[in-house]
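The residues making up each chain are set out below.
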Amino acid sequence: MRDALGAVQSVLVLGGSSDIGVAIAQKLARPRGASVVLAGRDAAALQAAAARVRGAGAGIVDTTAFDADDVDSHGELAQKLFAQRDYDVVVLAAGVLGDQAAAEADYREAVAVWRTNFLGCASIAMCVAQHLRRQGHGTLVVLSSVAAERVRRSNFVYGAAKAGLDGLAQGLGDSLVATGARVIVVRPGFVTTKMTQGRESVPFSSTPQAVADAVDNAIRRGSEIVWVPASLRLVMAVLRHVPRVVFRRLPL
Ligand SMILES: NC(=O)c1ccc[n+]([C@@H]2O[C@H](COP(=O)([O-])OP(=O)(O)OC[C@H]3O[C@@H](n4cnc5c(N)ncnc54)[C@H](OP(=O)(O)O)[C@@H]3O)[C@@H](O)[C@H]2O)c1
């Protein structure tokens, strides 16, 4: 349960080695030495992430196995995690960028992106929401993307998965109204992380720290949708209404 000043005391990161997930855990854990659980596939990467979170001032930092693709395990995993403690914040940061060209050449590449980014994330989000509802408090932070707002030709496989997850997260948030639990949908543009390593930075780029600051603000203010940077909200409000014949010619 958050303390009297609203500081977070327990955080779960699903996709625990994510650069954005780690930055959010560091930001939220720092003020009160919150306890953190990092859940993911790669034990070594999780240990390295745990050291970074501890270094930022977290209290107890544990790691545990989580595979977004293994949806059959999600119910039991959520049960186990929430039996150990309540969570003030659960960050859903698992995701893959995929390779658009490869996905267009072989549908199985696309299915793999959708399996992780939509099916896997939606599945664990549903499980987590049940426990947040039972707790009567807690925030699920879902890493969507600006790509979800209007799906672009250049990365429509990833964008479609994020659009599905974004819609699911909004609906889940609506279903939690008046339960004490809630959902924040985060829509970053390009963020400099290992996911985007080697790619040319684009306008409206940001950092994991900027995403973490925005999430921290949203938790304090009760916002439901967060754009990073905030100016992307206006940009996308315009782009959303650009006629399709024009939109598909834009260099996006
Ligand atoms: N970077 C950006 O520009 C950007 C922009 C908008 C939204 N996002 C979203 O933000 C989230 C975090 O991304 P990031 O930028 O922090 O990239 P990142 O550092 O590459 O983090 C992605 C994380 O997802 C994990 N993951 C992948 N597949 C998984 C699976 N099947 N089960 C469990 N974990 C899995 C990876 O762990 P492994 O070590 O196991 O691979 C990795 O820790 C993602 O959802 C991404 O789509 C990123």
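Report follows, based on the coordinates. (Residues numbered from 1 in each chain as written. Predicted model: local features only at pLDDT ≥ 70, side-chain atom pairs only at ≥ 80, totals over all residues. Heavy atoms only, no water.)

**A closer look at helix H6 (residues 156-175)**
The α-helix winds at 3.6 residues per turn, so residues separated by three or four positions along the chain end up facing the same way. In a regular helix each residue adds 1.5 Å, so 20 residues correspond to 28 Å; H6 covers 28 Å between its end C-alpha atoms and thus fits that length. Residues Val157, Tyr158, Gly159, Ala161, Lys162, Leu165, Asp166, Ala169, Leu172 and Gly173 constitute the buried set of H6. Against helix H4 (100-105), helix H5 (107-135), strand S5 (138-143) and strand S6 (181-188) lie the buried residues of H6. (Helix = DSSP H or I, 4+ residues; strand = E, 2+ residues; numbered from the N terminus. Expected span 1.5 Å × (residues − 1). Buried < 20%, exposed > 50% of the residue type's maximum accessible area, 1.4 Å probe, protein only. Contact = heavy atoms within 4.5 Å.)

**Focus on the side chain of Ser123**
Along the chain, the position of Ser123 falls in helix H5. Given the relative accessible area of 18%, Ser123 is considered buried.

**Quick look at the pattern of salt bridges**
Counted under the stated rule, the structure contains ten salt bridges. Residues Asp19 and Arg52 are paired through a salt bridge, measuring 3.6 Å at the closest nitrogen-oxygen approach. Residue Asp19 is located in helix H1 (residues 19-29), and its partner Arg52 is located in helix H2 (residues 43-55); the two are separated by 33 residues in the primary sequence. Owing to a relative accessible area of 16%, Asp19 belongs among the buried residues under this scheme. The closest approach of N and O atoms between Arg85 and Asp62, which form a salt bridge, is 3.8 Å. Remark: Asp62 occurs in strand S3 (residues 61-65) and Arg85 occurs in the loop between helix H3 (74-84) and strand S4 (89-92); sequence separation between them is 23 residues. Residues participating in the shared-partner salt-bridge network are Glu149, Asp166, Arg187 and Arg240. (Salt bridge = Lys/Arg side-chain N within 4 Å of Asp/Glu carboxyl O.)

**Overview of the nonpolar core**
Across soluble globular proteins, you tend to see nonpolar side chains buried next to one another. Counting 35 residues, the largest nonpolar core has Ile24, Val36, Leu38, Val91, Leu143, Val186 and Val211 as its most contacted members. Ranked by residue count, the leading element in this core is H1, at seven residues. Excluding anything up to four places from it in sequence, Ile24 contacts Val91, Leu143, Val211, Ala212 and Val215. Among the nonpolar cores identified, the runner-up in size contains 28 residues, and Leu12, Phe82, Ala129 and Leu176 belong to it. (Core = buried A, V, L, I, M, F, W, Y, C linked by side-chain atoms within 4.5 Å.)

**Overview of the state of the cysteines**
If you walk through the whole model with that rule in mind, you get zero disulfides. Between Cys121, a cysteine without a disulfide, and Cys127, which holds the nearest cysteine sulfur, the sulfur-to-sulfur distance is 12 Å. A relative accessible area of 18% places Cys127 in the buried class. (Disulfide = S-S within 2.5 Å.)

**Things to note about empty space enclosed by the protein**
Inspection of every chain in the model, using the stated rule, returns one cavity of 30 Å³ or more. Put simply, the largest cavity is a space of about 50 Å³. Only H1 and helix H7 (208-221) provide two or more residues apiece to the lining of the largest cavity. At three residues, H7 tops the list of elements feeding residues into the lining of the largest cavity. (1 Å grid on protein atoms, 1.4 Å probe; cavity = no way out; pocket = protein on both sides within 12 Å on 5 of 7 lines; lining within 4 Å. Points joined across faces, edges and corners; volume = space filled by probe spheres on them.)

**Here's the deal with the site of the ligand**
The full set close to the ligand counts 29 residues, and Ser17, Ala68, Tyr158, Val191 and Thr193 are the nearest of them. The contact in question runs from an oxygen atom of the ligand to an N or O atom on the side chain of Ser17, over 2.6 Å. Separating an oxygen atom of the ligand from a backbone N or O atom of Gly95 is a distance of 3.1 Å. Look at the ligand: alone it shows 880 Å² of surface, and the protein chains cover 92% of it. Residue assignment for the shell around the ligand shows that the elements contributing at least two residues are H1 and H6. (Near = heavy atom within 4 Å. Polar contact = N/O pair within 3.5 Å; in protein donor to acceptor, adjacent residues only side chain to side chain. Areas by Shrake-Rupley, 256 points an atom, 1.4 Å probe, with all protein chains shown as cover.)

**Thoughts on the layout of surface pockets**
By volume, the second largest pocket amounts to about 200 Å³. As for the second largest pocket, its lining consists of 13 residues, and the residues nearest its centre are Gln170, Gly173, Asp174, Val183 and Glu224. Partitioned by chemical class, the residues of the lining of the second largest pocket number seven nonpolar, three polar and three charged. (Nonpolar A, V, L, I, M, F, W, Y, C, P; charged D, E, K, R; others polar.)

**So, the side chain of Gln26**
Position of Gln26 among the secondary structure elements: in helix H1. Of the polar contacts made by the side chain of Gln26, one reaches the backbone oxygen of Arg52; its length is 3.0 Å. If sequence neighbours within four positions are ignored, Gln26 has contacts with Arg52, Val53 and Ala56.

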